[in-house]
Amino acid sequence: MFIAMNRFRVNPERVEEFEQIWLERETHLQGLPGFVEFHMLRGPEKEDHVLYASHTVWRSREDFEAWTHSEAFRKAHANAGQSKREGLYLGPPNFEGFEVIQTVGNASDA
């Protein structure tokens, strides 16, 4: 399993706008080979930003990398550089990719 994360530092005055953009956007993820699930996470608020992270789970790194070269990826990121979003982010997103080495589930969910 592979987890792909992007961390976003968001202007605290534009948190509602950021969340609305993500809640309304087309992800183009459903039905892709190897896609498991997506989460948008709100993290701690600092003096100059609120930290968010997109968290996508894939069956494998290869499935994730195939998605990054796909038409679905291009569609999902088509509006990423819109000028109206100037000042929304404090710098570009920070990508982090992780190979899962252990998963612990809740036995009561079985």
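Residues numbered from 1 in each chain as written. Predicted model: local features only at pLDDT ≥ 70, side-chain atom pairs only at ≥ 80, totals over all residues. Heavy atoms only, no water.

In the annotation of an unreviewed UniProt entry, the entry for the protein chain reads Antibiotic biosynthesis monooxygenase, and the organism field reads Halomonas kalidii.

J.: I'd like a description of the nonpolar core, backed by residues and values.
T.: Counting residues in each nonpolar core, the largest one holds nine residues, listed as Phe-8, Val-10, Val-15, Phe-18, Ile-21, Trp-22, Val-50, Tyr-52 and Leu-88. Put simply, the parts of the chain that give this core at least two residues each are strand E1 (2-10), helix H1 (15-24) and strand E3 (50-58). Per-element tally for this core: the top contributor is H1, with four residues. Setting aside residues no more than four positions away along its own chain, Phe-18 makes contact with Phe-8, Val-10, Met-40, Tyr-52, Leu-88 and Tyr-89. Core analysis: the next-biggest nonpolar cluster, separate from the first, contains seven residues, Phe-2, Ala-4, Trp-67 and Ala-72 among them. (Core = buried A, V, L, I, M, F, W, Y, C linked by side-chain atoms within 4.5 Å. Buried < 20%, exposed > 50% of the residue type's maximum accessible area, 1.4 Å probe, protein only. Helix = DSSP H or I, 4+ residues; strand = E, 2+ residues; numbered from the N terminus. Contact = heavy atoms within 4.5 Å.)

J.: Describe the sheet that holds E3, listing the residues and the values that go with them.
T.: The four strands are arranged E2-E3-E1-E4 in an open sheet whose pairing can be described as antiparallel. In this open sheet, the two edge strands, each paired with only one partner strand, are strand E2 (35-45) and strand E4 (94-99). Put simply, the sheet's adjacent strands are angled 20° from each other on average, direction ignored. Sheet topology places E2 next to E3; eight bridges connect them, and they run antiparallel. Residue pairing in the sheet places Glu-45 in a bridge with Val-50 of E3. (Pairing = 2+ DSSP bridges. Axes fitted to C-alpha atoms, helices over the stretch in contact; angles between N-to-C directions.)

J.: Talk me through helix H2 (residues 61-68); I want residue IDs and the actual numbers.
T.: Those residues of H2 that sit buried are Asp-63, Phe-64 and Trp-67. Down the axis of H2, the sector holding all buried residues measures 100°, keeping them to one side. At its buried positions, H2 is contacted by E1, E3, helix H3 (71-76) and E4. (Arc of directions from axis to C-beta.)

J.: Any details on the pattern of salt bridges? Residues and values, ideally.
T.: Evaluation of the coordinates by the stated rule reveals six salt bridges. Measuring nitrogen to oxygen at the nearest pair gives 3.2 Å for the salt bridge that ties Arg-74 to Glu-71. In this pair, Arg-74 and Glu-71 both sit in helix H3, three residues apart, roughly one turn of the helix. Of the residues examined, Arg-74 reaches a relative accessible area of 47% and is grouped as partly exposed. (Salt bridge = Lys/Arg side-chain N within 4 Å of Asp/Glu carboxyl O.)

J.: Quick rundown of H1? Include the residues and the values.
T.: Those residues of H1 that sit buried are Val-15, Phe-18, Ile-21 and Trp-22. Within H1, the buried residues cover an arc of 130° as seen down the axis, which keeps them to one side. For H1, the exposed residues set more than 90 degrees away from the buried face come down to Glu-16, Leu-23 and Glu-24. On its buried face, H1 is in contact with E1, E2 and E3.

J.: Describe the side chain of Arg-14, with residues and values.
T.: Take Arg-14: it is sitting in the loop between E1 and H1. With relative accessibility at 18%, the residue Arg-14 sits in the buried group.

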